[in-house]
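Residues per chain are reported as follows:
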Amino acid sequence: MHKINLPLGTRAEFGERAGRKQFLVTELQKSLQKRNFMKVNTPLLEYQEVFANFDLKQMRTYQLLDRNNNTVVLRPDLTLPIARLLTTTNIKLPQKFYYVGDLFKIAKELSGRNNQMTQAGIELVGYSSLKAELECLLLINRISQKWLNNNVKIEISHACFADSLLASITSNSKLKSKIKHELYRKRIPEYQKAIKQFENTDNYVFLQMWPRLFGKVDDITKMLKGIKLPSLAQSSLQETIKVAKWVSKIPSQKVIIDLSTAPPQRYYTGITFKGFVNDIPEYLFSGGRYDQLLESFQAQPEPAVGMGIDIDLLTEIAEIKEKKEKKEYLFFEPDQIEYAAKLLLQNVNYELSLEDNLETAKEKARLENIRLLKINKQGEIENVVENSSY
Ligand SMILES: N[C@@H](Cc1c[nH]c[nH+]1)C(=O)O
């Protein structure tokens, strides 16, 4: 007996779902291509080292051995391979890239998640101004308008905020990670315990409100009024507020600031963002600035911003208004193949009728209410069954 089950966390796609996914990917790629983004494809397999600096354990990769016994992994991320690619080729920068592809992460047991996911994304490499962040956020907004009924809420944060704040209050690295850990997991009693030792310091008021620092721009500014933050944390905060204010000017775009959330990836160095839809807990979009990533591959440092789009989730929830093409069946005899070839080339709406004889072809066409055409002896087209709605 052959094994007929799929490996854990994988699935086959077919029919409507596969069609919707294909449609979304095609539309997205068309629009990026038109705006002069450069397509980039990298292989599914990479050496383990490409991901090594960025916590392979957290990513839980599939590992394989190549012919020389080197460990290769199925890529758990698409940004790191692009950073690697840029250091080994001399593509002119600045440059805007886009990609679509599958990545593999082994999900926790029983989490119900898939281990193979399709992601699309953009990387804007060589751009140091916040306009690059805005380009990403505008793309989220367009997708939200086009397919998600304007229901995407953007959450803006900053990858340096927590670290620069904690660095100014303690040099104890264990304590710093403990505070971050409890904060990010929103385990409030444990968090309170971890910050207790700062009870008599100036920072305590802030530390106490930190887990609640998410919400509309105005609310966050109000909450932080009169609170003095260390200067690095203050400038991360200012930048976050600035970007959130700009985004709130995009018509019907919901935006909040979240200063108590973990950056979505370890390589971010500046503004980060996530996009959520309604009550779905997983984010659909996530990205940020990663100015030091290329340097870690021994190239020049290069400012960069990018984001990923969870295409599987988008496929599930997108509202696609499809235009139905009017289809027509074309009945042919095998020796009329020459005419059939010509006709199929002329009209994309012709679908070959594969029925054995004209009678069954007619029956099927009537049943489906689709016009049936046949090729006559002179190689011309004749109507055999009309569609009543024409
Ligand atoms: N690779 C990131 C998304 C991203 C693209 N570019 C920058 N960030 C992720 O999977 O979360």
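Residues numbered from 1 in each chain as written. Predicted model: local features only at pLDDT ≥ 70, side-chain atom pairs only at ≥ 80, totals over all residues. Heavy atoms only, no water.

By the naming in an unreviewed UniProt entry, the protein goes by ATP phosphoribosyltransferase regulatory subunit and is assigned to Liquorilactobacillus aquaticus DSM 21051. Taken verbatim from the UniProt record of the protein, the Subunit (unreviewed entry) comment is "Heteromultimer composed of HisG and HisZ subunits." The UniProt entry for the protein carries this comment under Sequence similarities (unreviewed entry): "Belongs to the class-II aminoacyl-tRNA synthetase family. HisZ subfamily." (UniProt positions renumbered as here; feature names shortened; annotations may be inferred.)

Caption draft 1: Structural context of the pairing of strand β13 (residues 328-331). Alternating residues of β13 divide into E328 and L330 and Y329 and F331, and every residue in both groups is buried. Once you follow β13 into helix α13 (residues 337-346) and on to strand β14 (residues 350-353), the crossover reads as right-handed. Note: β13 against strand β15 (residues 371-375), 4 bridges, orientation parallel. If you follow L330 over to β15, its bridge partner there is L373. (Buried < 20%, exposed > 50% of the residue type's maximum accessible area, 1.4 Å probe, protein only. Helix = DSSP H or I, 4+ residues; strand = E, 2+ residues; numbered from the N terminus. Right-handed = clockwise from strand over helix to strand, strands pointing away. Pairing = 2+ DSSP bridges.)

Caption draft 2: Broad picture of the sheet that holds strand β4 (residues 71-74). Judged by pairing direction, the sheet is antiparallel, and its 3 strands sit side by side in the order β2-β4-β3 without closing on themselves. Of all strands in the sheet, those with a lone pairing partner are β2 (45-47) and β3 (63-65), marking the two edges. Adjacent strand axes in the sheet meet at a mean angle of 40° when their direction is disregarded. Two strands pair when backbone bridges link them, and β3 and β4 are joined in this way by 3 bridges, in the antiparallel orientation. From the neighbouring strand, Q63 faces β4, where its bridge partner is V73. (Axes fitted to C-alpha atoms, helices over the stretch in contact; angles between N-to-C directions.)

Caption draft 3: Expanded view of the side chain of S164. Here S164 shows up in helix α6 (residues 161-169). S164 has contacts with P230, L232, A233 and S236, leaving out every residue within four places of it along the chain. (Contact = heavy atoms within 4.5 Å.)

Caption draft 4: Quick peek at the sheet that holds strand β12 (residues 304-310). Ordered by their spatial adjacency, 9 strands build an open sheet running β1-β5-β6-β12-β11-β10-β7-β9-β8, and the pairing between neighbours is mixed. The two strands at the open ends of the sheet, each matched to only one other strand, are β1 (38-39) and β8 (214-215). Note that β1 and strand β5 (residues 95-104) share 2 bridges and pair parallel. Looking at the pairing, K39 lines up with Y98 of β5.

Caption draft 5: Expanded view of the pairing of β4. Across 3 bridges, the pairing between β2 and β4 is antiparallel. The residue of β4 that forms the bridge with E46 is V73. The hairpin formed by β3 and β4 contains 5 residues between the paired strands, and N69 there has a positive phi angle of roughly 65°.

Caption draft 6: Inspection of the packing of aromatic side chains at higher detail. For the structure shown, the criterion picks out 7 aromatic pairs. Following the ring pairs from residue to residue traces out a cluster consisting of F161, F206 and W210. (Phe/Tyr/Trp six-rings, centres within 6.5 Å; stacked < 30°, edge-to-face > 60°.)

Caption draft 7: View of the confidence of the model for the protein. Of all residues in the protein, 98% have pLDDT values of 70 or greater, and the mean over the chain is 93. With a pTM of 0.93, the predicted complex shows an ipTM of 0.98. (pLDDT = per-residue confidence, 0-100.)

Caption draft 8: Quick look at helix α11 (residues 231-248). Between its first and last C-alpha atoms α11 spans 25 Å; for 18 residues at 1.5 Å apiece the expected length is 26 Å, and the two agree. When α11 is considered as a whole, its buried residues turn out to be A233, S236, L237, T240, I241, V243, A244 and V247. All buried residues of α11 lie within an arc of 170° about the axis, which places them on one face of the element. Buried residues along α11 sit against α5 (131-147), β7 (152-158), α6, α10 (217-223), β9 (254-258) and β10 (271-277). (Expected span 1.5 Å × (residues − 1). Arc of directions from axis to C-beta.)

Caption draft 9: Inspection of the site of the ligand at higher detail. With respect to spatial proximity, 14 residues lie near the ligand, and among them T79, E123, Q265, Y267 and Y268 are the closest. E123 is positioned with one of its side-chain polar atoms (N or O) 2.7 Å from a nitrogen atom of the ligand. In this structure, a nitrogen atom belonging to the ligand sits 3.2 Å away from a main-chain N or O atom of M307. Notes on the ligand: free accessible area 310 Å², of which the protein chains cover 97%. (Near = heavy atom within 4 Å. Polar contact = N/O pair within 3.5 Å; in protein donor to acceptor, adjacent residues only side chain to side chain. Areas by Shrake-Rupley, 256 points an atom, 1.4 Å probe, with all protein chains shown as cover.)

Caption draft 10: Structural context of the pattern of salt bridges. For the structure on display, the rule yields 21 salt bridges. One salt bridge connects D163 with K180, and the closest N-O pair in it is separated by 2.7 Å. Taken together, the residues D163 in helix α6 and K180 in helix α7 (residues 173-184) connect sequence positions 17 residues apart. With relative accessibility at 41%, the residue D163 sits in the partly exposed group. Residue classification places K180 among the partly exposed residues on the basis of a relative accessible area of 21%. (Salt bridge = Lys/Arg side-chain N within 4 Å of Asp/Glu carboxyl O.)

Caption draft 11: Fine view of the packing of helix α1 (residues 15-34) against α5. Contact pair α1 / α5: the axes reach a minimum separation of 13 Å and the direction vectors enclose 135°. Classified by the angle their axes make, α1 and α5 are oblique. Handedness of the α1/α5 crossing: right-handed. Together, F23, L24, E27, L28 and L32 of α1 and L139, I143, K146 and W147 of α5 make up the contact between the two elements. Looking at side-chain class alone, the contact of α1 with α5 contains 7 nonpolar, no polar and 2 charged residues. (Parallel < 35°, antiparallel > 145°, perpendicular 65-115°, else oblique. Left-handed = near helix turned anticlockwise from the far one by under 90°. Nonpolar A, V, L, I, M, F, W, Y, C, P; charged D, E, K, R; others polar.)

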